[in-house]
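# Summary of structural features
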Amino acid sequence: MVMTQPDSKTLVAIYEKMTLIKHSDDRVIGAMKAGRMVMPYYSARGQECIPAAISVQLTDEDYLVTIYRGVHDMLAKGLPPKLLWAELAGKVTGSCKGKGGPMHLTYPSKGCMVTTGIVGASMPIACGLGLATQLRGEKRVTVANFGDGASNIGAFHESLNLAAVWKLPVIFVCQNNQYAEHTAYSTGTSAAKISDRAASYGIPGVHVDGNDPIAVYSAAQQAIARARAGEGPTLIEAKTFRFNGHLIGDAGEYIPKAIYAEAVKNDPYPRYRNWLVEHQHASATQLDGIDAAIKTLIDEAEAFAMSSAAPDAIEVKRDVYATEIA
Amino acid sequence: MVMTQPDSKTLVAIYEKMTLIKHSDDRVIGAMKAGRMVMPYYSARGQECIPAAISVQLTDEDYLVTIYRGVHDMLAKGLPPKLLWAELAGKVTGSCKGKGGPMHLTYPSKGCMVTTGIVGASMPIACGLGLATQLRGEKRVTVANFGDGASNIGAFHESLNLAAVWKLPVIFVCQNNQYAEHTAYSTGTSAAKISDRAASYGIPGVHVDGNDPIAVYSAAQQAIARARAGEGPTLIEAKTFRFNGHLIGDAGEYIPKAIYAEAVKNDPYPRYRNWLVEHQHASATQLDGIDAAIKTLIDEAEAFAMSSAAPDAIEVKRDVYATEIA
Amino acid sequence: MSETQAELSPAAAKAPAKVNMIQALNWALDDAMSADKNVIVFGEEIADPEGGGIVKISHGLSTKYGSRVRSTPISEMGFVGAAVGAAVVGFKPVVEIMLMNFVAVCMDQITNHAAKLRFMSGGQTHVPMVIRTMTGSGFQNGGQHSDFLEAWFCHTPGIKVVMPSNPADGYGLLRSAINDPDPVIFIEHLNNYWTPGDAPERGKLIPLGKARIHRPGKDVTVIGYSRSMLDIPPVAEKLAKDGIDCEVIDLRTVQPMDMETILTSVKKTGRAVVVHEACRSFGVGAELSSRIHEALFRELKAPVERVASEDSPVPYAPPLEQAFLYTHAELEAAIRKTLA
Amino acid sequence: MSETQAELSPAAAKAPAKVNMIQALNWALDDAMSADKNVIVFGEEIADPEGGGIVKISHGLSTKYGSRVRSTPISEMGFVGAAVGAAVVGFKPVVEIMLMNFVAVCMDQITNHAAKLRFMSGGQTHVPMVIRTMTGSGFQNGGQHSDFLEAWFCHTPGIKVVMPSNPADGYGLLRSAINDPDPVIFIEHLNNYWTPGDAPERGKLIPLGKARIHRPGKDVTVIGYSRSMLDIPPVAEKLAKDGIDCEVIDLRTVQPMDMETILTSVKKTGRAVVVHEACRSFGVGAELSSRIHEALFRELKAPVERVASEDSPVPYAPPLEQAFLYTHAELEAAIRKTLA
Ligand SMILES: Cc1ncc(C[n+]2csc(CCOP(=O)(O)OP(=O)(O)O)c2C)c(N)n1
Ligand SMILES: Cc1ncc(C[n+]2csc(CCOP(=O)(O)OP(=O)(O)O)c2C)c(N)n1
Ligand SMILES: [Mg+2]
Ligand SMILES: [Mg+2]
């Protein structure tokens, strides 16, 4: 496999996705603080580089499975902001008609197949998507996202083993933000690195700086190539941090101040913006333009969400089965 | 830790346990073929050396958890043959009053704590026994037995991780008999060796010839010393074979003839007997004496089982809760 | 692909008059796989190199259909979840959980995912999968291999529960379950596997959600499913000799329950008895009994009786296994009680 | 250690008049741990470095009791199984499963092991553990974080199911659950945590298996537990103004159910309504309704009514969450219907 470095256009596309994620997240939190939106919201602020650098290499045909902390993954993969915002607001115009909420975002036409609220459960489902692809002889890959804490649950083990014995085209992406709710990595996890666990399955395990788009890009590039070539799964551990605690309202007392400060210093977003300009992949003006366009997009999304109607009570009887319940 | 070689007395004690297991097993199968006993019976013939070489190093205080294929483990640890046979025969004099059967053998006074019929479930329970020991500041170890197939289920992963982060005194013994029911090792298992999976938990993983009592003895010796010293768990993979299929009645069509023939050539029982005599750890006469004594023990066990009464119907209402149900 | 093809297959003509459940289910899988290439089958030991399933229900399928039929690792969470994923993109997986108690290791994928994805996605996705499993007391399999747990799934909106009692129903219901757009748990009974019954007509589907009147009668309605349909008919015949005319209903689908057939019958007889092998309390019998009381309180001549197993784990020793399960005598007594 | 010690503790005198459920349960754990060194507590996030539990029920315990209180990895199978193992050798573990839906990842250890080891071992071992968990709709937690699944456990012989509705009961029932020689699943409701109620008397245990008559009445018996005990009393008071005198019973323990108290009441009133948040079909209400009909068929003046949630997953959007749950109006209508 010949691996290539991302060109400037790709690098800017990554920036664009990161900006979309970051702006949407900032604005959701703003709306919550202002009381315009109420929900359990699991911000991925700080982790935006991971799905951005992966998704630029995926097509709409490729599948994504993610978790409650998955808004960033969904936006990067193509869930339209309007549909996201309306879903978060519990409106009938949301991608799931307001029935799913932030923990169950779905949008099949962009390959956004399943979002789960159950730790670990994204992975077995990803195996099934990979199996579908394999049986149909397609070239799709499936990206399965999960957290560091999730690497300690049984479903992780069963899925990586199954994907390995069946050589499924699945990329297991552990977004290691160093905490599982309030529990620090080493309190729950015996492996020095989660990527070490790939050895249990005879598959590649790669540890990368999840705040470095180039590192994530190239790890994903190899994994995608391997998957598309029918060589089986890869485990990628992307080390990162979440700036807004487990969910909005979590004040983060359990995070040592020094660790938090260090993480903020490593905030991938400003770092990457500066790097792009510095290395002349884009001008500041060009990036300002992207920012402005995205701001407009989010404005529209919020307005759409706010002005949309709530679902009708009858919806509780619909979609339980194919036919409405009595 | 200074590791020692087993002396002749210990080697003979291992032989005695192996003989007990083998004779009991041969006789149970004989009784089944003759129609005197009916049950789902999971023979461990061929695997006797593993619990024999481990259990000689354990006391009655040490805990054992095993699986449906666990009669050998239970006998080696001290479950009296009479109580075993009566239980297999479904008699009220059985260790579990005939309520448990071969899949649920229990005998706490010898540390035989739990036998499970659910693949993988022995391991979380073993963690709890280890936790009890740790909290009480005792020196007991817990041995958790399971098969090669069980190393692919979630409970394996969760247990090894938990035992590792809490440094529990548990020895995870994978009796790799190369088949899970009718499924060959590599059809279900992605790791080249199950012991490789220890790397996921930062604990020692040891692969030994499970038909070699000395090899099993010394792997267990180290693991026991480590556990008693409070240094945490060990994963031992003991490679072996089961001669009587998954359960009695299984004709083994799925096992390639050459593999079966090779395994029979490696039958640990005659091999070990010859070795003991050859290396003058015991005379053939001495071993004949042991054989005869064990034959008597099994005669008694069978007679006891056959002459015992079946449990009364009222027993179905007892032991559901502490107080009898209505 | 349409059913017509299967209906016209030459196999139909050659079918023997009596077959057992194993043969019927094997035909159902085979016909479903040949009718629709999206039908895939996996589970422990189910491919031919591993023997085609522990009672050989999937025998011959992997040889015929290749990689669409696979033996899995012992990873119920993993492979049931994989079925969910494949179903979401249009496959119709039929997975086998070897024995029903093992659902306990993969409830999450069944109840939190398979059953709910349609709803939580607002109808964007759905999960047309079937989980086949088997269970039943009477084989000395003890506490962890014998339970009937259908009530757990009946109480899980989004999933359907099908429990056939005879080979012809087994075939027709399994075909419908596979075609159904929603997840179905299909529960087989060990006791029923080897009992010969009328051969199914290949290609003939039996709709889900419809009960079958096994024996028309006018005095009392006796409702069963799965294993209890082996016990009710002989007792009904015995009572017939005493002039008690039972209407026997086989639910076939336990969730959704065919209340129309049930209530029509009980309206006529004024009496009902519900029979299942699962332990009594909080079982399917409770729901059925409540619904009948609620709907026909004024018409009922006696309270609905429930006949079921003890509220205990399933014991090992044969006399205890018998003590656990209801007896024909208890069933007879319950029916007579409604007429007293 | 005896309860007397706790009873005489100075804390009792100082207790404030009103506390919420969180405080009551924290006291129960604290008092149980100080009364018996075999009581140990673990679960995700429950030690103080991790915040003492997501609603802080175990706040302060790890600081006070050291390694007897531990935060676990996200491994419900692993740590619930560990509780089983520790219980078998005499510990009394209290483990927290953060939200009730997560029982689905560890059902095996609960239903195949904790509930059955006493029976399968012929009484040689038993499993005195408590599983605490919480749940409830109304917080936009959606389909995988809001379910009431008590019926699954009620249908599992060998385990008890306790569901407190107020702080004083929470304290006394949790203490009893911890002392109980059998496994108990102790289900808390998110809606009840912050509602102040009478402070428990520390050291005072409330026996399992006994219901509480919350409000005596003569016209109709309304039976609830957990969250529904927030809804029934206001409706009962409203109806009282119209001259309808409800007897309100709080089950407190759902399995075993206190049939004596229930039947005595319904015998008196001739009418009964059962109310729970879990979805209606195959729920606890079905068993209760069946038992009442079976026992008091001739005495009942109307069929037993069930008031419960829709047979659907729990939706996300607030108006749908409301549509999912029964309303006070429905409850009122059901009560009136029994009197019609
Ligand atoms: C099976 C299960 N157990 C517990 C929870 C509660 N829970 C939700 S998120 C979470 C922490 C997950 O941490 P991690 O996997 O690191 O992902 P992150 O939230 O950090 O992205 C826990 C314990 C759950 N949702 N599912
Ligand atoms: C959770 C679960 N799934 C499936 C089974 C059925 N089953 C019983 S034994 C067995 C094979 C186990 O193989 P292995 O772990 O290698 O142990 P062995 O029987 O070879 O000693 C299977 C699949 C079970 N008991 N539990
Ligand atoms: Mg994390
Ligand atoms: Mg094996």
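Residues numbered from 1 in each chain as written. Chains lettered and ligands numbered in written order. Predicted model: local features only at pLDDT ≥ 70, side-chain atom pairs only at ≥ 80, totals over all residues. Heavy atoms only, no water.

### Digging into the overall build of chain C
Threshold: Every helix listed is a DSSP run of H or I at least four residues long, and every strand listed is a run of E at least two residues long, numbered separately from the N terminus. We call a residue buried when its accessible area falls under 20% of the maximum for its residue type, exposed when it is over 50%, and partly exposed in between, using a 1.4 Å probe and counting protein chains only. Every residue pair with non-hydrogen atoms within 4.5 Å of one another is taken to be in contact. Note on areas: Shrake-Rupley with a 1.4 Å probe; residue coverage comes only from the protein chains shown. The sign given to each residue is positive for Lys and Arg and negative for Asp and Glu; His and the chain ends receive no count. Every charge is mapped onto a representative atom, which is NZ of Lys, CZ of Arg, CG of Asp or CD of Glu.
Scanning chain C for helices and strands turns up 14 helices and 14 strands. The C-alpha extent of chain C, read off along each of the three principal axes, is 60 × 45 × 45 Å. Considering chain C as a whole, with its 340 residues, one finds that 74% of them fall into the buried category. Sequence-distant contacts in chain C: of pairs separated by 6 or more residues, those separated by 24 or more amount to 81%. Roughly 9,300 Å² of accessible area belongs to chain C as shown, and the carbon and sulfur atoms make up 55% of that amount. Between the mean site of the 33 positive side-chain charges and the mean site of the 39 negative ones, chain C shows a separation of 5 Å.

### Points about the coordination of the magnesium ion (ligand 4)
Residues and elements named next belong to chain B. The cut-off we apply is this: Because water is not among the atoms used, a metal site may look incomplete, as its donors are only the N, O and S atoms within 2.8 Å, or 3.2 Å for Na, K and Ca.
Coordination of the magnesium ion (ligand 4) by the protein is provided by D148 (OD), N177 (OD1) and Y179 (O), with metal-donor distances spanning 2.0 to 2.1 Å. Read N to C, the donor residues that coordinate the magnesium ion (ligand 4) are spaced as D-x28-N-x1-Y. Accessibility assignment for this pair places N177 and Y179 in one class, buried.

### A short note on the packing of aromatic side chains
Basically, it comes down to this: Pairing of aromatic side chains requires ring centres within 6.5 Å, counting the rings of Phe and Tyr and the six-membered ring of Trp. Pairs whose planes differ by under 30 degrees are stacked, by over 60 edge-to-face, and all others tilted.
Tallied over the full model, the rule gives 28 aromatic pairs over all chains. Taking 5.7 Å as the distance between ring centres and 90 degrees as the angle between the ring planes, the aromatic pair formed by A:W166 and C:F42 counts as edge-to-face. Of this pair, A:W166 sits in the loop between α6 (154-165) and β4 (170-176) while C:F42 sits in strand β2 (residues 39-43), placing the two residues on different chains. Neither A:W166 nor C:F42 differs from the other in exposure class; each is buried. Measuring from centroid to centroid gives 6.0 Å for B:Y272 and B:W275, while their planes differ by 15 degrees, and the two rings are stacked.

### Focus on the interface of chain D and chain B
Counted only if it meets this: Here the quantity called buried area is the total loss of accessible area, with a 1.4 Å probe, experienced by two parts when brought into contact, counted for both. Within this document, salt bridges are pairs made up of a side-chain nitrogen of Lys or Arg and a carboxyl oxygen of Asp or Glu, the two lying within 4 Å of each other. Pairing of N or O atoms within 3.5 Å defines a polar contact, subject to two protein rules: one partner must be a possible hydrogen donor and the other a possible acceptor, and residues neighboring in sequence count only if both atoms are side-chain atoms. Under this grouping Gly is polar, as are all residues other than the nonpolar Ala, Val, Leu, Ile, Met, Phe, Trp, Tyr, Cys and Pro and the charged Asp, Glu, Lys and Arg.
With 44 residues of chain D at the contact, the number on the chain B side is 39 residues. Of the roughly 3,200 Å² buried where chain D meets chain B, counting both sides, 67% is carbon and sulfur surface. Summed over the shared surface of chain D and chain B, the result is 0 salt bridges. For the pair chain D and chain B, the number of links is 16 residue pairs in polar contact (both at pLDDT 80 or more). When residues of the side of chain D that touches chain B are traced back to their parent elements, those giving at least two are β2 (39-43), β3 (69-71), α5 (76-88), α6 (107-114) and α7 (117-120) of chain D. When residues in the side of chain D that touches chain B are grouped by element, the largest group, 10 residues, is from α5(D). Of the residues assigned to the side of chain D that touches chain B, the class counts are 17 nonpolar, 20 polar and 7 charged.

### With respect to the pairing of β2(C)
Residues and elements named next belong to chain C. Definition in use: The rule for pairing is simple: two strands pair if DSSP sees at least two bridges between them.
For β2, the tally of buried residues reaches 5 of 5 residues, placing the bulk of the element in the interior. Taking every second residue as pointing to the same face, both faces of β2 are buried, with V39, V41 and G43 on one and I40 and F42 on the other. Here β2 pairs with strand β4 (residues 92-97) via 5 bridges, running parallel. Bridge pairing in β4 places V39 opposite K92.

### Concerning the pairing of strand β14 (residues 305-309) of chain D
Residue and element names in this part refer to chain D. Condition: Handedness of a crossover is defined as follows: orient the strands so they point away from the viewer, and if the path from the first strand over the helix to the second runs clockwise, the crossover is right-handed.
With 5 of 5 residues buried, β14 is to be regarded as a mostly interior element. Of the pairings in the sheet, the one linking strand β13 (residues 272-279) to β14 comprises 4 bridges and is parallel in character. Residue V275 lies in a different strand from β14, and its bridge partner there is V307. As for the winding sense of the linkage, the β-α-β connection from β13 through helix α12 (residues 284-296) to β14 is right-handed.

### Quick notes on the interface of chain C and chain D
Taken together, the contact pairs 52 residues of chain C with 52 residues of chain D. Summing both sides of the interface, chain C and chain D together bury roughly 4,500 Å²; the carbon and sulfur share of this comes to 62%. Considering only the surface of chain C that becomes buried against chain D, C:W152, C:H155 and C:F282 emerge as the three largest contributors, covering 20% of it. One can count 8 salt bridges joining chain C with chain D. Where C:E287 meets D:R306, a salt bridge forms, and the shortest distance between an N and an O atom there is 2.8 Å. Here chain C and chain D share 33 residue pairs in polar contact (both at pLDDT 80 or more) between them.

### What about the environment of C:C279?
Within the secondary structure, C:C279 sits in strand β13 (residues 272-279). By relative accessible area, C:C279 is classed as buried at 8%. Considering only alpha carbons, one finds C:C279 and C:A151, 128 residues apart in sequence, at a separation of 10.0 Å. Setting aside residues up to four positions removed in sequence, C:C279 forms contacts with C:A308, C:S309, C:E310, C:D311, D:H155 and D:P157.

### Things to note about unusual backbone geometry
Cis geometry marks the peptide bond from C:Q255 to C:P256; its omega dihedral reads 0 degrees. With respect to the helices, strands and loops of the structure, C:P256 is situated in the loop between β12 (253-255) and α11 (259-269). One non-glycine residue, A:K167, lies in positive phi territory at about 50 degrees. The residue B:Q280 is not glycine, and still its phi comes out positive at about 60 degrees. In this structure, B:Q280 sits in the loop between α10 (268-278) and α11 (284-307).

### Structural notes on the packing of helix α1 (residues 8-33) of chain B against α11(B)
Residue and element names in this part refer to chain B. How we decide: Axes here mean lines fitted to C-alpha atoms, for a helix over just the part in contact, with angles spanning 0 to 180 degrees between N-to-C directions. Roughly parallel covers angles under 35 degrees, roughly antiparallel covers those over 145, roughly perpendicular covers 65 to 115, and oblique covers all other angles. In this scheme the crossing of two helices becomes right-handed for a clockwise turn of the near helix relative to the far one and left-handed for an anticlockwise turn of less than a right angle.
Close contact between α1 and α11 brings their axes to 9 Å; oriented N to C, the two are set at 40 degrees. By the angle between their axes, α1 is oblique relative to α11. Viewed along their axes, α1 and α11 form a crossing whose handedness is right-handed. Across the interface between the two elements, V12, Y15, E16, T19, L20, H23, S24, R27 and A31 from α1 touch Q286, L287, I290, D291, I294, K295, L297, I298, D299 and E302 from α11. When grouped by side-chain class, the residues that make up the contact of α1 with α11 number 9 nonpolar, 4 polar and 6 charged.

### Looking at the domain arrangement of chain C
Residues and elements named next belong to chain C. Formally: The source of the domain bounds is an automatic or database domain assignment.
If you check the domain split of chain C, you get domain 1 (3-198) and domain 2 (212-339). Between domain 1 and domain 2, the C-alpha centre-to-centre distance is 26 Å. Listed per partner, the contact involves 28 residues of domain 1 and 25 residues of domain 2. Of the roughly 2,100 Å² buried at the junction of domain 1 and domain 2 (both faces included), carbon and sulfur atoms supply 54%. When the area that domain 1 buries against domain 2 is broken down by residue, the three leading residues are S137, Q140 and M163, summing to 26%. Our count for the domain 1 to domain 2 interface comes out at 2 salt bridges.

### Focus: the sheet that holds strand β1 (residues 63-67) of chain A
All names here are of chain A. Pairing is parallel in the open sheet, where 6 strands are placed in the order β2-β1-β3-β4-β8-β7. With partners counted over all chains shown, the strands left at the sheet margins are β2 (112-116) and β7 (205-209), one partner each. Strand after strand, the sheet turns through a mean of 20 degrees between neighbouring axes, direction not considered. Bridge analysis of β4 against strand β8 (residues 234-239) gives 6 bridges, and the strand direction is parallel. Each bridged residue has a counterpart across the sheet, and for N176 the counterpart in β8 is K239. Strands in contact with helix α8 (residues 213-228) are β4, β7 and β8; relative to β7, the strand with the most contacts, it is inclined by about 155 degrees.

### Observations regarding the coordination of the magnesium ion (ligand 3)
All names here are of chain A. Only D148 (OD), N177 (OD1) and Y179 (O) from the protein coordinate the magnesium ion (ligand 3), and they sit 2.0 to 2.1 Å from it. Written as a sequence motif, the donor residues of the magnesium ion (ligand 3) are D-x28-N-x1-Y. With D148 in the loop between β3 (142-147) and α6 and N177 in the loop between β4 and β5 (179-180), the pair connects residues that are 29 residues apart, well separated along the chain. Classification of D148 as buried rests on a relative accessible area of 2%. Residue classification places N177 among the buried residues on the basis of a relative accessible area of 4%.

### Things to note about the environment of C:A114
Residues and elements named next belong to chain C. As for its position among the elements, A114 is in helix α6 (residues 107-114). The class for A114 is buried, based on a relative accessible area of 4%. Along the backbone, A114 and S58 are 56 residues apart, and their C-alpha atoms lie at a distance of 23 Å. With residues near it in sequence (within four places) discarded, A114 still touches V84, Q109, V127, M129 and P183.

### Comments concerning the sheet that holds strand β6 (residues 160-162) of chain D
All names here are of chain D. Strand order in the open sheet formed by 7 strands is β3-β2-β4-β5-β7-β6-β12, and the pairing between neighbours is mixed. Sheet topology places β3 and β12 (253-255) at the edges, where each strand pairs with a single neighbour. Averaged over neighbouring strand pairs, the angle between their axes works out to 20 degrees when direction is ignored. Summarising the sheet, β6 and strand β7 (residues 184-189) pair through 3 bridges and their orientation is parallel.

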